[in-house]
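Below are the chains, spelled out letter by letter.
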Amino acid sequence: MSDYLQRIGRLQERLKAERDHGVVLAGTDQMRYLTGWREGGHERFVGLLVPASGDPTFLVPAMNAEQARTTPAGISQVVGWDDSAGWHDAARRIMASWQGEGAVFVDDEMHAVHLLSLQSLFPQLRFVPAGALMARMREVKTSEELVAMERAARLIDEVYEDVAEQLVAGITESQAADLILGAISLRGSRPSFSPLVCFGENAAQPHHHTGDRRLKCGDVVIIDIGCVANGYASDITRTIAYGEPGDADVRAIYAIVFQAHMAAREMAGPGVSGEAVDNAARGVIGTAGYAEQFLHRTGHGIGLSVHEPPNIVQGNRDPLKPGMCFSIEPGIYLSGRFGVRIENIVTVTDGGVRSLNREPDAVIRVIPAR
């Protein structure tokens, strides 16, 4: 039996144990986790319908039916719907037996219009988000998944090293992003998200949109990038200086963020909550007087999706488990001046965590200006 069919079987066992009806997944990474295939479908409905008992069914546009028939999961029941007829009648037939008090779990990323249609088609059913259910299945990575994630981490480490040495005065953020994309492609991979490149004052915006700002001597540079190996994502952030930093506080801020990063890694381990790891990083930055300049959670889970559970954030008291993978990425952002963020992906081991990425520099790396 394939890994995919085993995953579907595990899902069905959970549904039966709770007397729930089934799961309706959209063409997202949730579908990819169970079948090895995903398809956005644009405005069209693409669904994997998994009942508590019996065979799952793909309900997809006719143009995608052949792809659905050849997925690694080998699902035999594929219903292709025609644009002129729509998908509603087919959904009625497939889900006709889903009756009673149990829940139907729906992909968190399903288009609202499709969920509204399902609710109209089946007013007697109770639809609930599938996110928590699927997270419990996906959060602990197998050895095969970890091998893929380690490869993706190695590739993106190489890309960062290549591109950092190619920075020259006058290059734009977008041009640097193009270098990153080229280096990823050269390694036979693809980006797991659009490269985030921030020069100077733009580094003070955690999710700055890479643009036309030109690199100048003295700039702080944030590079946040990732790629994919066998479907699994990587994600790192490095902060460097191009030439000697022009702001006198750069080295001190970098040292604080590095200390926060390492404190979070030292705290993390099996049985420790995501909140405790977040507190460890936040405590270092708060003690240094920059609590208000740490603008986001300490980390996010990663796997098939760049962002998935577990979240390393206040309020997450669930214990970490061996095999979970997540980022540790504290940051300090000084508006109008610069920002610093350091991010590695770690996996939980029996005794703590192990970084999948190369170690970040303990002091800010200075790229000679040229």
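1. Some points on the environment of Ser143
Relative to the helices and strands, Ser143 is located in helix H7 (residues 143-164). Along the primary structure Ser143 and Glu266 are separated by 123 residues, whereas in three dimensions their C-alpha atoms are 23 Å apart.

2. Describing the sheet that holds strand E5 (residues 103-106)
Across the sheet, 6 strands lie side by side as E4-E3-E2-E1-E5-E6; this open sheet has mixed pairing. Lying at the two open borders of the sheet, with one neighbouring strand each, are strand E4 (77-81) and strand E6 (126-129). Strand-to-strand twist across the sheet, computed as the mean angle between neighbouring axes with direction ignored, equals 20 degrees. Here 3 bridges tie strand E1 (residues 22-25) to E5, and the two strands are oriented parallel to one another. Bridge pairing in E5 places Val23 opposite Phe105. In the packing of helix H1 (residues 3-17) onto the sheet, contacts are made with E1, strand E2 (47-51) and E5, and the angle to E2 comes to roughly 55 degrees.

3. A short note on H1
Note: α-helices contain 3.6 residues per turn, so residues at a spacing of three or four share the same orientation. Along its 15 residues, H1 runs 21 Å from first to last C-alpha, staying within 8% of the 21 Å computed at 1.5 Å per residue. Taken residue by residue, H1 has Arg7, Ile8, Leu11, Gln12 and Leu15 as its buried positions. All buried residues of H1 project into a common sector of 135 degrees when viewed along the axis, lining one side. Arg19, located one to two residues past H1, shows a positive phi value of around 60 degrees.

4. Some words on the pairing of strand E8 (residues 220-225)
Along E8, 6 of the 6 residues are buried, which leaves the element largely enclosed by surrounding structure. Here 4 bridges tie strand E7 (residues 196-199) to E8, and the two strands are oriented antiparallel to one another. In the strand pairing of E8, Cys198 is matched with Ile222. Bridging between E8 and strand E11 (residues 236-242) involves 6 bridges; their strand directions are antiparallel. Looking at E11, one finds that Ile222 is bridged to Thr239.

5. Digging into the pattern of salt bridges
Across all of its chains, the model carries 25 salt bridges by this definition. Of the charged contacts, one joins Arg138 and Glu308 as a salt bridge, the two residues approaching to 2.6 Å between their closest N and O atoms. A residue pair is termed long-range when its members are at least 10 positions apart, and Arg138 in helix H6 (residues 131-138) and Glu308 in strand E13 (residues 308-312) qualify at 170 residues. Each member of the pair, Arg138 as well as Glu308, carries the same accessibility label: buried. Between Arg251 and Glu244 there is a salt bridge whose closest N-O contact spans 2.7 Å. On the basis of relative accessibility, which here comes to 41%, the residue Arg251 falls in the partly exposed class.

6. A word on helix H5 (residues 112-121)
For H5, the set of buried residues is His114, Ser117, Leu118 and Leu121. Down the axis of H5, the smallest arc covering the buried residues is 100 degrees, so these residues share one side. Exposed residues lying more than 90 degrees from the buried face of H5 are Ala112, Leu116 and Ser120. Where the residues of H5 are buried, they touch E1, helix H4 (88-94) and E6.

7. Observations regarding the nonpolar core
Core analysis: the largest hydrophobic core is formed by 39 residues, its most contacted members being Leu11, Leu34 and Phe58. Of all the elements, H7 adds the most residues to this core, at 4 residues. In this structure, Phe58 is in contact with Met31, Thr35, Trp37, Gly47, Leu48, Ala68, Thr71, Ile75, Gln77, Val78 and Val79, ignoring residues within four places of it in sequence. With 35 residues, the next largest nonpolar core counts Val220, Tyr254, Ile285 and Ile332 among its residues.

8. Thoughts on the state of the cysteines
A full pass over the atoms with the stated rule returns 0 disulfides. Cys198 forms no disulfide, and the closest cysteine sulfur to it belongs to Cys227, at a distance of 19 Å. The exposure class assigned to Cys198 is buried, which follows from its relative accessible area of 1%. With no disulfide of its own, Cys217 lies 19 Å from the sulfur of Cys198, the closest cysteine sulfur. Taking the relative accessible area as the measure of exposure, Cys217 reaches 57% and is therefore exposed.

9. Some points on the sheet that holds strand E19 (residues 365-367)
Spatially, the 4 strands line up as an open sheet ordered E7-E8-E11-E19, and their pairing is mixed. Where the open sheet ends on each side, the last strands, each with one partner, are E7 and E19. Sheet twist, expressed as the average angle between the axes of neighbouring strands with direction ignored, equals 25 degrees. Both E11 and E19 contribute to a ladder of 3 bridges, which runs parallel. Bridge pairing links Tyr242 to Ile367 in E19. Packed on one face of the sheet, helix H8 (residues 173-186) meets E7 and E8 and runs near 145 degrees to E7.

The rules behind the values
Residues numbered from 1 in each chain as written. Predicted model: local features only at pLDDT ≥ 70, side-chain atom pairs only at ≥ 80, totals over all residues. Heavy atoms only, no water. Helix = DSSP H or I, 4+ residues; strand = E, 2+ residues; numbered from the N terminus. Pairing = 2+ DSSP bridges. Axes fitted to C-alpha atoms, helices over the stretch in contact; angles between N-to-C directions. Contact = heavy atoms within 4.5 Å. Expected span 1.5 Å × (residues − 1). Buried < 20%, exposed > 50% of the residue type's maximum accessible area, 1.4 Å probe, protein only. Arc of directions from axis to C-beta. Salt bridge = Lys/Arg side-chain N within 4 Å of Asp/Glu carboxyl O. Core = buried A, V, L, I, M, F, W, Y, C linked by side-chain atoms within 4.5 Å. Disulfide = S-S within 2.5 Å.

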